[in-house]
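# Structural overview for review
Residue strings, one per chain:
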Amino acid sequence: MSGETGAHVLLVRLAGPLQSWGVNGRFSRRDTHSRPTKSGVIGMCAAALGLPREEPLGELAEVLFGVRADRPGVPLRDYHTVGGGTYPLRPRDLITDHQRAARATTEPPSVPPQDASEAGPFGRGELEAWYGSPKYVATDPVSGALVSREVRRHSMITERWYLSDAAFLVGLEHPDTKLLERIAHALEHPRRLLWLGRKACPPSGDLALGIVPGPLRSAFETHALLPDAVGPESGPQAAARERPWAWIESPRPLPGVGPLSDQPVRFGADGGTHSLRWETRHRITIAAHARGWDIIL
């Protein structure tokens, strides 16, 4: 059931030491978009509401999405290594590598047990240069044991990108104010942990900043820059933030505008399903009478 008629916008503040909004990330290289993605923000709202992963998003996916870059942030590259070194022997190491299982159960452990009566090899032996992520587990055609067709035994190097010290004002537009009120309440009282795109990036301070009359561009023009946007520098960089960029979703395809593939349809363990959406970029001139903020940073 719809609430009040006409467009309304829930304003959401996304700020923290680090953010990362992946678009085309793979394991060895995790990128970040220059701004929050609709899929990432709707996923955060779904987590706040406590929606099951496989449940259709319904009205949540119908909101129009906009983001204003009050403080775009600075790209930060993280040189990241995974695995390597020695690790205690675990049950799944034996399940996925029958040769290692045979050696572990017949050879003396490299680390003596604390209790001589302890049965089994788990926690007593150590694996050298083992990265415990067996892939493509299948049945060995000769022995019938479960084996891994791809076992990495050395550390892996990955490249991960973040936005450092960024602050964005996100708008979620929908005619049903009751829906926006539920999302706003959930963001401040989330049923699950929230993060800014990646689990290493928790948000800081207030998220839901209130519901205002729409549309999105009008909401962005009538609200001052976030306090997070105030920086020590002056000159062109500071002047540019007085007219920040904003990206505003269109409810219909736009001629001559390339679509984005971050319209969430369903989230799931397999990465979920997305469709296309369209948006336009605008320089926002903030009105002289724009509303300020009284928020926790």
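Refer to the structure presented above.
## Digging into the overall build of the chain
Secondary structure assignment for the chain yields six helices and 13 strands. Across the chain, every contact between residues at least 6 apart in sequence was considered, and the portion connecting residues at least 24 apart equals 78%. A total of about 16,100 Å² of accessible surface is found on the chain, and carbon and sulfur atoms cover 55% of it.

## Some details on the pairing of strand 13 (residues 273-283)
Along any regular strand, the residues point their side chains to alternate faces of the sheet. By the bridge criterion, six bridges tie strand 11 (residues 245-250) to strand 13 in an arrangement that is antiparallel. Counted as the bridge partner of Ile-248 is Thr-280 from strand 13. As defined by bridge partners, strand 12 (residues 260-266) adjoins strand 13 across four bridges and the pair is classed as antiparallel. Paired with Gln-263 across the two strands is Ser-275, which belongs to strand 13. What sits between strand 12 and strand 13 in their antiparallel hairpin is a turn of six residues, with Gly-271 showing a positive phi close to 100°.

## Some words on the packing of aromatic side chains
Across all of its chains, the model carries zero aromatic pairs by this definition. Over the face of the ring belonging to Tyr-162 we find Arg-198, whose NZ or CZ atom lies 4.9 Å from the ring centre.

## Comments concerning the side chain of Asp-70
Looking at the element boundaries, Asp-70 is found in strand 3 (residues 64-71). Residue Asp-70 is classed as buried on the basis of its relative accessible area, which comes to 0%. In terms of polar contacts, Asp-70 uses its side chain to reach the side chain of Arg-68, at 2.6 Å.

## As for the packing of helix 1 (residues 38-49) against helix 4 (residues 177-188)
Where helix 1 contacts helix 4, the axes come no closer than 8 Å and their chain directions differ by 80°. Between helix 1 and helix 4, the interaxial angle falls into the category roughly perpendicular. Touching Met-44, Cys-45, Ala-48 and Leu-49 of helix 1 are Arg-182, Ile-183, Ala-186 and Leu-187, all from helix 4. Per-class residue counts for the contact of helix 1 with helix 4 are seven nonpolar, no polar and one charged.

## Things to note about helix 1
In this model helix 1 runs 16 Å from its N-terminal to its C-terminal C-alpha over twelve residues, within 8% of the 16 Å that 1.5 Å per residue would give. Of all twelve residues in helix 1, nine are buried, a share of seventy percent or more. Those residues of helix 1 lying buried are Lys-38, Ser-39, Val-41, Ile-42, Met-44, Cys-45, Ala-46, Ala-47 and Ala-48. Looking one or two residues past helix 1, Gly-50 carries a phi angle of roughly 80°, positive in sign.

## Section: the nonpolar core
Ranked by internal contacts, the top residues of the largest apolar core, which has 38 residues, are Leu-172 and Leu-187. Only strand 1 (8-19), helix 1, strand 3, strand 9 (156-174) and helix 4 provide two or more residues apiece to this core. Sort the elements by how many residues they give to this core and helix 1 lands first, with seven residues. If we ignore the near neighbours within four places in the chain, the residues touching Leu-172 are His-8, Val-9, Leu-10, Val-41, Ile-42, Cys-45, Val-63, Leu-64, Phe-65, Leu-180, Ile-183 and Leu-216. The next biggest cluster of nonpolar side chains, apart from the first, holds 18 residues, and it includes Val-9, Ala-167, Leu-216 and Ile-286.

## Re the pairing of strand 3
Within strand 3, eight of the eight residues are buried, which leaves the element mostly enclosed by the surrounding structure. Of the strand pairs in this sheet, strand 3 and strand 9 are connected by seven bridges, and their pairing is antiparallel. Bridge assignment links Arg-68 to a residue of strand 9, and that residue is Leu-169. As defined by bridge partners, strand 3 adjoins strand 11 across three bridges and the pair is classed as antiparallel. By the bridge assignment, Val-67 is partnered in strand 11 with Trp-247.

Definitions and cut-offs
Residues numbered from 1 in each chain as written. Predicted model: local features only at pLDDT ≥ 70, side-chain atom pairs only at ≥ 80, totals over all residues. Heavy atoms only, no water. Helix = DSSP H or I, 4+ residues; strand = E, 2+ residues; numbered from the N terminus. Contact = heavy atoms within 4.5 Å. Areas by Shrake-Rupley, 256 points an atom, 1.4 Å probe, with all protein chains shown as cover. Pairing = 2+ DSSP bridges. Phe/Tyr/Trp six-rings, centres within 6.5 Å; stacked < 30°, edge-to-face > 60°. Lys NZ or Arg CZ within 6 Å of the ring centre and 35° of its normal. Buried < 20%, exposed > 50% of the residue type's maximum accessible area, 1.4 Å probe, protein only. Polar contact = N/O pair within 3.5 Å; in protein donor to acceptor, adjacent residues only side chain to side chain. Axes fitted to C-alpha atoms, helices over the stretch in contact; angles between N-to-C directions. Parallel < 35°, antiparallel > 145°, perpendicular 65-115°, else oblique. Nonpolar A, V, L, I, M, F, W, Y, C, P; charged D, E, K, R; others polar. Expected span 1.5 Å × (residues − 1). Core = buried A, V, L, I, M, F, W, Y, C linked by side-chain atoms within 4.5 Å.

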